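Each chain is listed here by its residues.
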Amino acid sequence: MKNIVILTGAGISAESGLATFRGPDGLWEGHRVEDVCTPEAYSRDPTLVHQFYDARRAKLGEVEPNAAHLALARLDREWPGELLLVTQNVDDLHERAGSKRLLHMHGELTSGWCLACDERFAWAGPMGELASCPVCQVAGRVRPDIVWFGEMPYDMDRIERALMDCDLFVSIGTSGAVYPAAGFVQTVRYCGARTLEINLEPSQGSIFFDERRYGPAGIEVPKWIEELLG
């Protein structure tokens, strides 16, 4: 076994104190997806959308990477073969833990995107609808660099190549409800890779995994990585 692709979802960051989108205390409880996470919502009420993401960005300052993030960063450092960590999460906990071989397929809270000049750039603190682009200086055209429902996830070509070349695919902390990520396991099975799910409970796609481990990511992920590297 040489090439590994790992997919992480909101469940891995929940143990650090970031709310997942689904579930009884999820972010969607207070907001409809249609109101804060679509291009149409942004066109209709940019103030509300910016308030939602400004609050999410502020929350990053209150949380730290957990044992699962740290274990994945260790795997990144020590695994001699190809490795790609694909996260659906828009937080920066993987980076802060030390992961380098990483893609944010759904964008990042700490990034802005100027609709005037199409540049993307690091962003800290509130954004708000009057934010100025640091590249072209145009005000009022900067939006969160987040992939909203109805938009194409980032780096799909690179992700697809990695999936087709991998020997092991591991899904951690995902609901198995959001496509295209939910379909990754079927892609790799077709290509002959082994599959492992690590989750609090079975995902919607759990039947597609060869091996399943259920429990907190902060316990199960370090245990699996210890076995893998041991």
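Procedures and definitions
Per chain, the residues get numbers from 1 upward, laid out in the order the sequence is written. Per-residue local features are limited, in this predicted model, to residues with pLDDT of at least 70; the limit for side-chain atom pairs, both in listing and counting, is 80 or more; totals at the level of whole chains, interfaces and linings are taken over all residues. The basis for every side-chain value is the complete set of heavy atoms in the structure, and neither hydrogens nor water enter the calculation. Here a strand is any run of E in DSSP of at least two residues, a helix any run of H or I of at least four, and the numbering for each starts at the N terminus. For the radius of gyration, the atom set is restricted to C-alpha positions; the globular benchmark scales as 2.2 Å times the number of residues to the power 0.38. Note on contacts: a residue pair qualifies if any of its non-hydrogen atoms lie within 4.5 Å across the two residues. Accessibility throughout is a Shrake-Rupley quantity obtained with a 1.4 Å probe, and a residue counts as covered only by protein chains that appear here. UniProt positions are given in the numbering used here, feature names are shortened, and annotations may be inferred rather than shown by experiment. Here, a salt bridge means any side-chain nitrogen of Lys or Arg that lies within 4 Å of a carboxyl oxygen of Asp or Glu. For each residue, the accessible area found with a 1.4 Å probe, counting protein chains only, is set against the maximum for its type, and the residue is called buried under 20%, exposed over 50%, and partly exposed in between. For a helix, the expected span equals 1.5 Å multiplied by the number of residues minus one. For the purposes of these results, a polar contact is taken to be a pair of N or O atoms within 3.5 Å, where, inside protein, one atom must be able to donate a hydrogen and its partner to accept one; residues adjacent in sequence count only when each atom of the pair is a side-chain atom. Either an automatic procedure or a domain database provided the assignment from which the domain bounds are taken. Asp, Glu, Lys and Arg are counted as charged, while Ala, Val, Leu, Ile, Met, Phe, Trp, Tyr, Cys and Pro are counted as nonpolar; the rest, among them Gly, fall into the polar class.

Looking at the overall build of the protein chain
In terms of regular secondary structure, the protein chain is built from nine helices and nine strands. Taken over the C-alpha trace, the protein chain has a radius of gyration of 18 Å; the compact-globule value for 230 residues is 17 Å, and the two agree within 12%. Within the protein chain, contacts between residues at least 6 apart in sequence are counted, and of these 61% link residues at least 24 apart. Of the accessible surface of the protein chain, which amounts to about 11,000 Å², a share of 52% is contributed by carbon and sulfur atoms.

Quick look at the UniProt feature "active site" (unreviewed entry) in the protein chain
Under the present numbering, the feature "active site" (unreviewed entry) in UniProt falls on His-106. By secondary structure assignment, the location of His-106 is in the loop between β3 (102-104) and β4 (107-114). Contacts of His-106, omitting those with residues within four sequence positions, involve Thr-87, Gln-88, Val-90, Asp-145, Ile-146, Val-147, Pro-153 and Val-178.

Here's the deal with the pattern of salt bridges
Within the structure shown, the criterion is met by 14 salt bridges. Measuring nitrogen to oxygen at the nearest pair gives 2.8 Å for the salt bridge that ties Arg-101 to Asp-76. Here the residue Arg-101 occupies a position in the loop between α6 (93-97) and β3, and Asp-76 occupies one in helix α5 (residues 67-78), the gap between them amounting to 25 residues. Given the relative accessible area of 25%, Arg-101 is considered partly exposed. Among the salt bridges present, the one from Arg-120 reaches Asp-145, with a minimum N-O distance of 3.0 Å. Of this pair, Arg-120 sits in strand β5 (residues 120-122) while Asp-145 is found in strand β6 (residues 142-146), placing the two residues 25 residues apart along the sequence. A residue is classified by how much of its surface remains accessible, and Arg-120, at 37% relative accessible area, is partly exposed. Sharing partners across several salt bridges, the network here consists of Glu-64, Asp-92 and Arg-96.

Quick notes on α5
If you check α5, its first and last C-alpha atoms are 16 Å apart, about what 12 residues at 1.5 Å a residue would give, namely 16 Å. Along α5, the residues that are buried comprise Ala-68, His-69, Ala-71, Leu-72, Ala-73, Leu-75 and Asp-76. Buried-residue contacts for α5 involve β1 (4-8), α1 (10-14), β2 (83-87), α6, β7 (168-172) and α9 (217-229). Two to three positions downstream of the cap, the backbone nitrogen of Ala-68 sits 2.8 Å from a side-chain oxygen, assigning the N-cap of α5 to Asn-66.

Considering the domain arrangement of the protein chain
Along its sequence, the protein chain is organised into domain 1 (1-18 + 65-106 + 153-230) and domain 2 (21-62 + 109-146). Just the C-alpha atoms count here: the centres of domain 1 and domain 2 sit 26 Å apart. The interface of domain 1 with domain 2 comprises 10 residues on the first partner and nine residues on the second. Applying the counting criterion to the domain 1 and domain 2 interface returns zero salt bridges. Taken together, domain 1 and domain 2 are joined by four residue pairs in polar contact (both at pLDDT 80 or more). Looking at the side of domain 1 that touches domain 2 residue by residue, the classes come out as five nonpolar, two polar and three charged.

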